[in-house]
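Below, each chain spelled out in residue letters.
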Amino acid sequence: MRLEFTKMHGLGNDFVVIDGMRQNVALDEPRLRLLADRHFGVGCDQILLVEPPGDPAQALFRYRIFNADGSEVEQCGNGARCFARFVREHGLTEAREIPVETLGGRIVLHIEDNEQVRVDMGQPVFTPERIPLVAEQEADAYTLDIQGHSITLGAVSMGNPHAVILVDDVGHAPVAEIGPIIERHDNFPRRVNVGFAALRDRSHVDLRVFERGVGETLACGSGAAAAMAVLRRRGLVDDEVEVALPGGSLVLSWNGQAEAPVWLTGPATTVFNGWIDL
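For the structure given in this document, a descriptive report is provided here. Every value quoted in this text rests on a predicted model; they were computed, and no experiment measured them.

Quick notes on the rules
- Within each chain, residue numbers correspond to sequence positions counted from 1 in written order.
- With the structure being a predicted model, the display of local features is reserved for residues of pLDDT at least 70 and the display and counting of side-chain atom pairs for 80 or more, all residues being used for whole-chain, interface and lining totals.
- Derived side-chain values reflect all non-hydrogen atoms in the structure, with water molecules and hydrogen atoms excluded from consideration.
- Only one rule defines a salt bridge in this text: a Lys or Arg side-chain nitrogen within 4 Å of an Asp or Glu carboxyl oxygen.
- Numbering goes from the N terminus for both helices and strands, where a helix is a DSSP run of H or I of at least four residues and a strand is a run of E of at least two.
- Type-normalised accessible area, obtained with a 1.4 Å probe on protein chains alone, sets the label of each residue: buried when under 20%, exposed when over 50%, and partly exposed for intermediate values.
- As defined here, a cavity is a set of points on a 1 Å grid over the protein atoms alone where a 1.4 Å probe fits but cannot get out. A pocket is an open set with protein on both sides within 12 Å along at least five of seven lines, and residues line them when an atom is within 4 Å of a point.
- Grid points are joined across faces, edges and corners, and a volume is the space filled by probe spheres set on the points.
- Polar here means any residue other than Ala, Val, Leu, Ile, Met, Phe, Trp, Tyr, Cys and Pro, which are nonpolar, and Asp, Glu, Lys and Arg, which are charged; Gly is therefore polar.
- To pair, rings of Phe, Tyr and Trp, with the six-membered ring standing in for Trp, must have centres within 6.5 Å; the planes then decide the type, stacked if under 30 degrees apart, edge-to-face if over 60, and tilted in the middle.
- Put simply, a charge is over a ring when the Lys NZ or the Arg CZ is close to the ring centre, within 6 Å, and near the line of the ring normal, within 35 degrees.
- N or O atoms within 3.5 Å of each other form a polar contact, as long as, within protein, one can give a hydrogen and the other can take it, and as long as residues adjacent in sequence are counted only when both atoms are side-chain atoms.
- The contact criterion used is simple: two residues touch if any of their non-hydrogen atoms lie within 4.5 Å.

### Structural notes on the pattern of salt bridges
For the structure shown, the criterion picks out 20 salt bridges. Among the salt bridges present, the one from E51 reaches R64, with a minimum N-O distance of 3.2 Å. Of the two residues, E51 is situated in strand β3 (residues 46-51) and R64 in strand β4 (residues 61-67); the sequence distance between them amounts to 13 residues. For the residue pair E51 and R64, the accessibility class agrees, reading buried in each case. The salt bridge partner of E115 is R96, with a shortest N-O separation of 3.2 Å. Here E115, found in the loop between β7 (105-111) and β8 (117-120), pairs with R96, found in the loop between α2 (77-89) and β6 (97-102); they are 19 residues apart in sequence, far enough to count as distant.

### Quick notes on the layout of surface pockets
What the largest pocket holds in volume is close to 290 Å³. G104, G105, Q123, M158 and G159 are, among the 20 residues lining the largest pocket, the residues nearest its centre. In terms of residues, the lining of the largest pocket owes the most to one element, β7, which gives three residues. Of the residues belonging to the lining of the largest pocket, the class tally is six nonpolar, nine polar and five charged.

### Some thoughts on the packing of aromatic side chains
In this description, an aromatic ring pair is defined by two values, namely the gap between the centres and the angle between the planes. Considering all chains together, one arrives at four aromatic pairs under this definition. Both rings, one in F126 and one in W254, keep their centres 6.3 Å apart while their planes meet at 35°; by these two values the pair is tilted. Taken as a pair, F126 in the loop between β8 and β9 (142-146) and W254 in the loop between β16 (248-253) and β17 (263-266) lie far apart in primary sequence, 128 residues in all. Residue W254 is classed as buried on the basis of its relative accessible area of 3%. Through a chain of ring-to-ring contacts, three or more aromatic side chains come together here, namely F61, Y63 and F83. R2 extends its terminal NZ or CZ atom over the ring of W275, reaching a point 3.7 Å from the ring centre. One Lys or Arg, R118, reaches over the ring of W263 and ends 3.9 Å from the middle of that ring.

### Comments concerning the side chain of H162
Relative to the helices and strands, H162 is located in strand β11 (residues 161-166). Taking the relative accessible area as the measure of exposure, H162 reaches 2% and is therefore buried. Of the polar contacts made by the side chain of H162, one reaches the side chain of S222; its length is 3.1 Å. If we ignore the near neighbours within four places in the chain, the residues touching H162 are G154, A155, V156, V192, N193, C220, S222, G223 and A226.

### Structural notes on empty space enclosed by the protein
Scanning the model with the defined rule gives one cavity of 30 Å³ or more in all. In this structure, the largest cavity occupies an estimated 50 Å³ of space. Looking at the largest cavity, the residues that line it are Q46, N67, V73, Q75, N160, N193, E211, R212 and S222. Residue composition of the lining of the largest cavity, grouped by class: one nonpolar, six polar and two charged.

### Quick notes on the side chain of E74
Within the element layout of this structure, E74 appears in the loop between β5 (72-73) and α2. Reaching out from E74, the side chain makes a polar contact with the side chain of R190 at a distance of 2.3 Å. What E74 contacts, discounting residues up to four positions off in sequence, is I65, T102, L103, G104, G159, N160, P161, R190 and R212.

What follows is the structure, encoded as structure tokens:
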């Protein structure tokens with residue numbers, strides 16, 4: 001199967017984006033892993049697939065996201081921005097407001113005048129069973145036993161599950177050591193993305209993220225939204241926050257109201273177009 005693709009990135013979080021509207025696409029887990037392999041394939045953190053929507057009255061496209069290990073996931077903020085740029089650059093739409101279906105629900109992508117992309121990431125969900133998280137009751141913070149040590153973290157779903165740990169300095173955070181342990185902890189039955197956040201002040205946060213099924217990435221949009229939601233709920237940040245990730249910065253806004261969405265704004269970049277014979 002010859003497959004045309006576009007390589008893109010959002011702050012270094014990189015993607016292989018595939019048009020499933022104008023070519024036949026059949027991707028199983030081995031093919032997905034091959035595409036993501038940085039030695040034998042194209043190489044990426046995630047594969048994004050553009051498909052027709054299930055309900056054309058509600059969305060222009062279906063937006064599917066696959067991790068490097070071949071697993072399908074619900075949400076990706078950096079990928080959403082690349083998705084928006086892709087469908088416009090490839091002539092699939094001229095709209096500047098693009099509603100899409102995802103596994104985590106409907107979201108809306110907005111192309112700003114400066115060509116940055118603003119994404120309605122949806123309402124943060126703190127109810128444990130909807131994250132999902134095994135917990136007796138909803139709380140601002142939870143404690144897990146990790147290798148004999150108690151780790152305190154916040155938990156939220158931004159369409160996908162996130163744990164957020166406050167640290168003094170992200171440069172010295174044990175991302176590689178405890179990220180994969182928390183990702184697969186029994187209290188997170190569908191695994192979890194793990195963010196390590198350090199407060200600089202009420203409008204600036206440093207963040208590193210260990211992504212479920214991927215490992216640490218240069219940027220994670222849903223992880224930045226999750227950090228914003230957890231910290232804003234605790235009253236530690238203001239309504240708008242700049243989140244600095246290893247690959248660059250994103251702007252997040254949320255007024256703290258349960259019915260309000262988290263908004264994410266940042267760049268999306270096309271690297272090259274190509275094809276691969278699978």
